[in-house]
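The lines below spell out each chain.
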2 protein chains.
Amino acid sequence: MAESRKVIFIVLDGLGDRPCEKLEWQTPLEAAFTPNLNHLAKEGICGMCSPLEFAVAPESGPAHFELFGYSPFEKFYPGRGIIEALGTGIKLKENDIAFRVNFATLKKGKIVDRRAGRIKNVKPFEKDLSMELRGVKFILKAGTEHRAALILRGSNLSHKLSDSDPRKINKPPKEVRALDKEAEFTAEILNEYIEKACKILSNHRINKIRRKKNLPEANCILLRGAGKFKKVESFKKRYGLRACCIAGAGLYKGFGKFIGMDLINVKGATGSKDTSIKAKFIAAKRALRKYDFVWVHIKGTDLYGHDGDCIGKKKFIEKVDEALGILTDVKALKVITGDHSTPCSLKEHSGDDVPILFHGVGVRRDKVSSFGERECANGGLQRIRGKDIIQEILNLIGKQRIIE
Amino acid sequence: MAESRKVIFIVLDGLGDRPCEKLEWQTPLEAAFTPNLNHLAKEGICGMCSPLEFAVAPESGPAHFELFGYSPFEKFYPGRGIIEALGTGIKLKENDIAFRVNFATLKKGKIVDRRAGRIKNVKPFEKDLSMELRGVKFILKAGTEHRAALILRGSNLSHKLSDSDPRKINKPPKEVRALDKEAEFTAEILNEYIEKACKILSNHRINKIRRKKNLPEANCILLRGAGKFKKVESFKKRYGLRACCIAGAGLYKGFGKFIGMDLINVKGATGSKDTSIKAKFIAAKRALRKYDFVWVHIKGTDLYGHDGDCIGKKKFIEKVDEALGILTDVKALKVITGDHSTPCSLKEHSGDDVPILFHGVGVRRDKVSSFGERECANGGLQRIRGKDIIQEILNLIGKQRIIE
């Protein structure tokens, strides 16, 4: 039989975990009832993946650059701000500067909530916080919940800027500093903008309502992850594969767009815990007719990890497993992994390896019969790096890189 | 449960070995009765470590630089002489030059014993061999047994110098050669010093006594491993961990000091086969109250390897295992490995991987149930590099490096 020529690549964000006391010292993936995943593991080959470097914890942005072969990421990575901005749907122009923004709550000059009580929607602030100052356009675009992106468009702008977000509460926001001489103008005008923006927020009708309701005000913006937009070689050009992205959260949509993938919008794909995994897989199955490479991103696993909810994470994995039934008869190379570990005991990203499996015609087999951290550590793939995944995919679909 | 925040890192020098005929083709570690190590292996995760590169044999100096994350070691390694000098307790100044020194026996211009009959103590020579020549201070500091360090202090000195130690007997000592133009003055004055020193030794009262007793005279010094002292970023600054070093032998104390660790002096810690392992572990347990990171170095395993004594090595490992009982109830991440392999069949360092284990809250588990070369090769950690150890430690205590 010929090798599969089509690929479905499923990334369960923050999949990897550590032994949890509540799960009798199993990980959520080990403890979950996952007949579909186990079947794929049994017929396929498993291993462990260090997304960037062994024992190093990546944020999802850089991790995804590695996973799709845009590494060394320093060369391609445009900064978190750019990825976040792309995820909001804005069309960026060459040399645009962008930051990731948190709406936060300030009291007596100090941050008391870095997420303004996880305010549901910051879209109503978009227009009021977009303006032009000394020839520089400031565009604020809402993301999910308290998140947004700030885009600076103009000439002679630099992204060599420090964050204003101190990443801790009970501290005042920092001034944005120029990290080199050329960034001084950008830093100056940006600080001016931030001051203006916070004034506008303090008097904003939304905050007046929040004050009345005793909700934390969104009276401050915190900036981080400055980046500059530069086009990169598209995924299609790089690998010769027509690719699409099925994701809910902005960061992943933004990344998919950044590398030139088509975005497939799926009803019910929220990028949150309540996302419809089934809808995503149904869309993926359909997309495989048109595309060579379908990337499905599922965020829930990571969210449960950040909450420290190992039972929730286990149950969410079980939902993913059940939905995988939709893909049973799909003739494609299936690759399932995470972009990093988010252990429930840590509630943040760790440097632990992530289980990975490859399933499809032509894939070598190993002795692993269930998909979990412990089993995969003895898998036939052994330990691979994030950047190895795309090469192995190309290899398995007959598009291997040949060195002459 | 929260992750352990404290670390005890035990390095059994030259731990790794090869199958020994006398042990029915087991390695000393496999053959040894080690209930404590096996218990840790069973509850923790094991693997193999290539200290520098796969199949490459490091000396203990560079191996330790890698193990503590001061790699690429070429950047940080100041030369063996500097590490040896620091181990003697001398406080070095920026740009000091240092050599490792062996006291040796010369007869008719040829070396007949590179260790002067393993002379017990060379401290009585310190004062007589320390002097000033043409503005350059020469300071000789005794190490253990026949070992010493020679420090050159002055202006315009270079460490680009060849060794005088030919590393073989029945050869004359070599002249120290300048390896570049700038080192010519240092080479010249150093050869002048060596001549003077050997004359002083020939007429030294200690050697008169040794002649009478028919012991090999310490009538010559052999220099190797020239280095120049440059301060490096301290371990504390680099990792945010208050660290101490519990070691007997000079090289390790010197290294610990070089990276800014506090040295804990332990009575009975000789850096030799007769060292008191128990005293070291008791000191380690106490040190964990004050320090975040306690490094215990044990030299015996390596010495038995160099002697080709596999039974001795096995018994020494059993002594270590017994002493480990002292640490049973210690709440800390425990990491146990070696800095390289010293197979008894070779009597020197080899490039074989070294078994490693991690044990503590939050550590993933694997199927390994005893600590040995064969078992660890199937461990969940698979193969890691020396430089990965410190990253994995940081990862497991919640101080993982995060890439944004």
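Residues numbered from 1 in each chain as written. Chains lettered and ligands numbered in written order. Predicted model: local features only at pLDDT ≥ 70, side-chain atom pairs only at ≥ 80, totals over all residues. Heavy atoms only, no water.

A. Structural context of the interface of chain B and chain A. The partner chain A presents 36 residues to the 26 residues of chain B that form the contact. Counting the surface lost from both chain B and chain A, the interface buries some 2,600 Å², and carbon and sulfur atoms represent 47% of this. Of all residues in chain B, the largest losses of buried area upon contact with chain A belong to Arg364, Ile403 and Glu404 of chain B, amounting jointly to 29% of the total for that side. If you look at where chain B meets chain A, you find three salt bridges. Between Lys367 of chain B and Glu375 of chain A there is a salt bridge, with the nearest N and O atoms lying 3.5 Å from each other. (Contact = heavy atoms within 4.5 Å. Buried area = accessible area lost by both parts, 1.4 Å probe. Salt bridge = Lys/Arg side-chain N within 4 Å of Asp/Glu carboxyl O.)

B. Molecular detail of the packing of aromatic side chains. Evaluated as defined, the whole model comprises 34 aromatic pairs over all chains. For the ring pair Phe68 of chain A and Phe255 of chain A, a centre distance of 5.3 Å and an interplane angle of 55° mean the geometry is tilted. You can see Phe68 of chain A sitting in the loop between α3 (60-67) and α4 (73-76) and its partner Phe255 of chain A sitting in helix α9 (residues 250-258), a full 187 residues away along the chain. According to the relative accessible area criterion, Phe68 of chain A is buried, its value standing at 0%. On the accessibility criterion, Phe255 of chain A (2% relative accessible area) is buried. Ring centres of Phe9 of chain B and Phe68 of chain B lie 5.5 Å apart, and the angle between their planes is 65°; this geometry places the pair in the edge-to-face category. (Phe/Tyr/Trp six-rings, centres within 6.5 Å; stacked < 30°, edge-to-face > 60°. Helix = DSSP H or I, 4+ residues; strand = E, 2+ residues; numbered from the N terminus. Buried < 20%, exposed > 50% of the residue type's maximum accessible area, 1.4 Å probe, protein only.)

C. Looking closely at the relation of the copies chain B and chain A. Note on the identical chains: chain B maps onto chain A by a rotation of 119° and an axial translation of 0.1 Å, with an RMSD of 0.3 Å. Within this description, the copies of the chain are treated as partners about a three-fold rotation axis. A share of only 12% of the interface residues of chain B reappears at the interface of chain A, consistent with the copies meeting through non-equivalent patches. (Least-squares fit on C-alpha atoms with pLDDT ≥ 70 in both.)

D. Representation of the domain arrangement of chain A within the structure. All names here are of chain A. What the domain assignment reports for chain A is domain 1 (3-77 + 233-396) and domain 2 (84-228). Centre-to-centre separation of domain 1 and domain 2, based on C-alpha positions: 32 Å. Contacts between the two partners involve six residues from domain 1, matched on the other side by five residues from domain 2. Across the domain 1 to domain 2 interface the summed buried area is about 500 Å²; carbon plus sulfur atoms make up 59%. Looking only at domain 1, the three residues that lose the most surface to domain 2 are Gly250, Leu251 and Lys257, adding up to 57% of its buried area. (Domains from an automatic or database assignment.)

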